[in-house]
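Topology and contacts: notes
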Amino acid sequence: MTQQTILTPELLQAQIANWCKAYLAQILERPEEEIDLTTSFERYGLDSSVVVGMTGNLGDWLGHKVDPGATFDHPSIEKLSRALAMDEKLFAAVLHSRALGTAP
């Protein structure tokens, strides 16, 4: 019997942060260790097309649309991942997708 992890907002926040860190490392062609969760997206030099791509891909991964404007309201990986994990609609959508086996 396999043990299933119970999704909490804190766990979802960590998963989103890890996803964003890996995504930025790939886009910026830098090791993940160089991506700081507290550094602003602006400081990394991300333009609007990169932000739109990132939030679109993140939304696909989560199974729920992520508004590109969220990166302006929450301008770092740490702040964005916390805000998204605390969003009740997004959290419910991720829970639903996982129950169906269609989300990370």
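Because the structure is a prediction, the values reported are computed rather than measured.

Some remarks on the overall build of the protein
Within the protein one finds five helices and zero strands. Reading the helices (α) and strands (β) of the protein from amino to carboxyl end gives α-α-α-α-α. For the protein, the spread of C-alpha atoms along the principal axes amounts to about 45 × 25 × 20 Å. Relative to its full complement of 104 residues, the protein shows a buried share of 34%. About 6,500 Å² of surface is accessible on the protein, with carbon and sulfur atoms providing 51% of the total. For the protein, the centre of its 8 positive side-chain charges and the centre of its 14 negative side-chain charges are spaced 3 Å apart.

Focus on the nonpolar core
Core analysis: the biggest nonpolar cluster contains 26 residues, and L12, L24, L58 and L62 have the highest contact counts within it. Secondary-structure elements contributing two or more residues to this core are helix 1 (9–28), helix 2 (48–62), helix 4 (77–86) and helix 5 (88–100). For this core, the element with the most residues is helix 1, which contributes eight residues. With residues near it in sequence (within four places) discarded, L12 still touches L7, L62, A85, L90, F91, V94 and R98.

Section: helix 1
Taking 1.5 Å per residue as the helical rise, helix 1 with its 20 residues ought to reach 28 Å, and the 28 Å between its terminal C-alpha atoms agrees with that figure. Turning to helix 1, its buried residues are L12, I16, A17, W19, C20, Y23, L24 and A25.

What about the packing of aromatic side chains?
With the rule as written, the count across this model stands at two aromatic pairs. Measuring from centroid to centroid gives 5.0 Å for W19 and Y23, while their planes differ by 15°, and the two rings are stacked. Of this pair, W19 and Y23 both sit in helix 1, four residues apart, roughly one helical turn. Through a chain of ring-to-ring contacts, three or more aromatic side chains come together here, namely W19, Y23 and W61.

Considerations on the pattern of salt bridges
Applying the stated rule across the entire model yields two salt bridges. A salt bridge links E34 to R30; the nearest nitrogen and oxygen atoms lie 3.3 Å apart. A relative accessible area of 44% means that E34 is categorised as partly exposed. Owing to a relative accessible area of 35%, R30 belongs among the partly exposed residues under this scheme.

Some points on the confidence of the model for the protein
On average, residues of the protein score 90 in pLDDT, and 91% of them reach the 70 mark or higher. For the protein, per-element mean pLDDT is lowest for helix 5, which scores 84, and highest for helix 4, which scores 97.

What to know about helix 4
Taken as a whole, helix 4 has its buried residues at I77, L80, S81, L84 and A85. On an axial view of helix 4, the arc spanned by its buried residues comes to 125°, and they lie on one face.

Analysis parameters
Residues numbered from 1 in each chain as written. Predicted model: local features only at pLDDT ≥ 70, side-chain atom pairs only at ≥ 80, totals over all residues. Heavy atoms only, no water. Helix = DSSP H or I, 4+ residues; strand = E, 2+ residues; numbered from the N terminus. Buried < 20%, exposed > 50% of the residue type's maximum accessible area, 1.4 Å probe, protein only. Areas by Shrake-Rupley, 256 points an atom, 1.4 Å probe, with all protein chains shown as cover. Lys, Arg positive; Asp, Glu negative; His and termini not counted. Charge placed at Lys NZ, Arg CZ, Asp CG, Glu CD. Core = buried A, V, L, I, M, F, W, Y, C linked by side-chain atoms within 4.5 Å. Contact = heavy atoms within 4.5 Å. Expected span 1.5 Å × (residues − 1). Phe/Tyr/Trp six-rings, centres within 6.5 Å; stacked < 30°, edge-to-face > 60°. Salt bridge = Lys/Arg side-chain N within 4 Å of Asp/Glu carboxyl O. pLDDT = per-residue confidence, 0-100. Arc of directions from axis to C-beta.

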